[in-house]
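So you can see what is in the structure, the chains are spelled out below.
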Amino acid sequence: MPQPELLSFKSNTNTSPPPPWEVIVLVAHHLDPKALARASCVSKSWYISMSTDHIWQPLCATHYPSLSQLKFADPSISYRRLYAMASIAASRRVKKPNKPQISLENLIFVINLSTKNHLHLHSTVSIAKPGVELDIRQEVFRFDIDVCYKNKYEVLEDMKISWNLILKGWSRVFTMMDCEGKVRFGLGVDGWFSEELPSPGCCSGGYSSGLVADLKLGFCGGGKREVRVDKVSVGILNIVNWRYVSIDDGLRYLQHFLVT
């Protein structure tokens, strides 16, 4: 077995002298940010050489021009650190969200429409639709539910609308909509209701979620005074771009209220 002294001697004889500092700096100008980060781990001198502002400033200005201007707030912050912060922030913005913890199969859509005559409510349409039975034609949180009721209504009615989502097993309930309004019944006319949804989390009382629960009524019949509800459409609408959210985004929102 060779002696430790011999191993040490052989190791020393194979060690090349470090390159001059000027060469390291010249090479650094030709490296991309990832290569610079790896090279700075070689030694303390390499770290110092590869971390200077005149190397990282053009990289910041090229990749993150707006954030490169943040140095005026604290001149002691290096451009290398600014680049690292900007890179982490950018990666988090494009990171795919986790899959929702619930699915449509875990939900029951409960909808009740009641006509209001003076002080009395008359139940018109009552629906309890398991999410697994919904007709999914697009990957958005909007669903059409056929109604098989033959009730006929006046041309103008006051209505009370409620839409609740029940977690399978009836362990949780979340009210999507509970409102009143007037509906002018008629063929080719949609009755439309919407209600702002609360923001999830601890600040739900003071901030808007940017989402609304959306409910539309479709009618059919043979005359102005012989119409009935034929279809109920429900969904979650994003009021920023006025588009329906995706099914996964809708489920991720709902899990804040339905999952412990």
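Residues numbered from 1 in each chain as written. Predicted model: local features only at pLDDT ≥ 70, side-chain atom pairs only at ≥ 80, totals over all residues. Heavy atoms only, no water.

(A) Molecular detail of the overall build of the chain. Each helix and strand counted, the chain has 7 helices and 9 strands in total. For the chain, with 260 residues in total, the buried portion stands at 35%. For the chain, the share of sequence-separated contacts (at least 6 apart) that also reach a separation of at least 24 residues comes to 58%. (Helix = DSSP H or I, 4+ residues; strand = E, 2+ residues; numbered from the N terminus. Buried < 20%, exposed > 50% of the residue type's maximum accessible area, 1.4 Å probe, protein only. Contact = heavy atoms within 4.5 Å.)

(B) Spatial organisation of the environment of Lys160. Here Lys160 shows up in strand E4 (residues 156–167). A distance of 3.0 Å separates the side chain of Lys160 from the side chain of Asp178, its partner in a polar contact. (Polar contact = N/O pair within 3.5 Å; in protein donor to acceptor, adjacent residues only side chain to side chain.)

(C) A look at the packing of aromatic side chains. Summed over the entire model, instances satisfying the criterion amount to 9 aromatic pairs. Seen from their ring centres, Tyr64 and Tyr83 are 5.4 Å apart, and the 65° between their planes marks the pair as edge-to-face. A residue pair is termed long-range when its members are at least 10 positions apart, and Tyr64 in the loop between helix H5 (53–63) and helix H6 (79–93) and Tyr83 in helix H6 qualify at 19 residues. Tyr83 sits in the buried class, given a relative accessible area of 12%. (Phe/Tyr/Trp six-rings, centres within 6.5 Å; stacked < 30°, edge-to-face > 60°.)

(D) Broad picture of the pattern of salt bridges. This model, assessed by the stated rule, comprises 6 salt bridges. Lys99 is the partner of Asp248 in a salt bridge, and the nearest nitrogen-oxygen pair spans 3.1 Å. Taken together, the residues Asp248 in helix H7 (residues 247–258) and Lys99 in the loop between H6 and strand E1 (107–117) connect sequence positions 149 residues apart. Classification of Asp248 by relative accessible area gives partly exposed; the value is 27%. Among the residues examined, Lys99 registers a relative accessible area of 62% and is labelled exposed. (Salt bridge = Lys/Arg side-chain N within 4 Å of Asp/Glu carboxyl O.)

(E) Region of interest: the side chain of Gln255. The topology assignment puts Gln255 in helix H7. By relative accessible area, which is 13% here, Gln255 ends up buried.

(F) Spotlight on unusual backbone geometry. Even without a glycine there, the phi angle at Trp170 is positive, about 55°. Tracing the sequence through the fold places Trp170 in the loop between E4 and strand E5 (173–184). Notably, Trp242 is not glycine yet its phi reads approximately 55°, a positive angle. Using a relative accessible area of 57% as the deciding quantity, one classes Trp242 as exposed.

(G) Local environment of H6. Helix length check: H6 (15 residues) gives 21 Å between terminal C-alpha atoms against 21 Å at 1.5 Å per residue, within 8%. Residues of H6 that are buried: Tyr79, Leu82, Tyr83 and Ala86. End-on, the buried residues of H6 take up no more than an arc of 100°, which puts them together on one face. Pointing more than 90 degrees away from the buried face of H6 are the exposed residues Arg81 and Arg92. (Expected span 1.5 Å × (residues − 1). Arc of directions from axis to C-beta.)

(H) Highlighting H5. Turning to H5, its buried residues are Ile55, Trp56, Leu59 and Cys60. End-on view of H5: buried residues confined to an arc of 120°, all on one side of the axis.

(I) Looking closely at a nonpolar patch on the surface. Residues Ile239, Val240 and Trp242 make up a contiguous nonpolar surface patch of roughly 350 Å² in combined accessible area. The topology assignment puts Trp242 in the loop between strand E8 (226–238) and strand E9 (243–244). (Patch = residues over 30% accessible without salt bridge, like charges linked within 9 Å, V, L, I, M, F, W, Y side chains within 5 Å. Areas by Shrake-Rupley, 256 points an atom, 1.4 Å probe, with all protein chains shown as cover.)

By themselves, these figures tell us nothing about what the structure is for.
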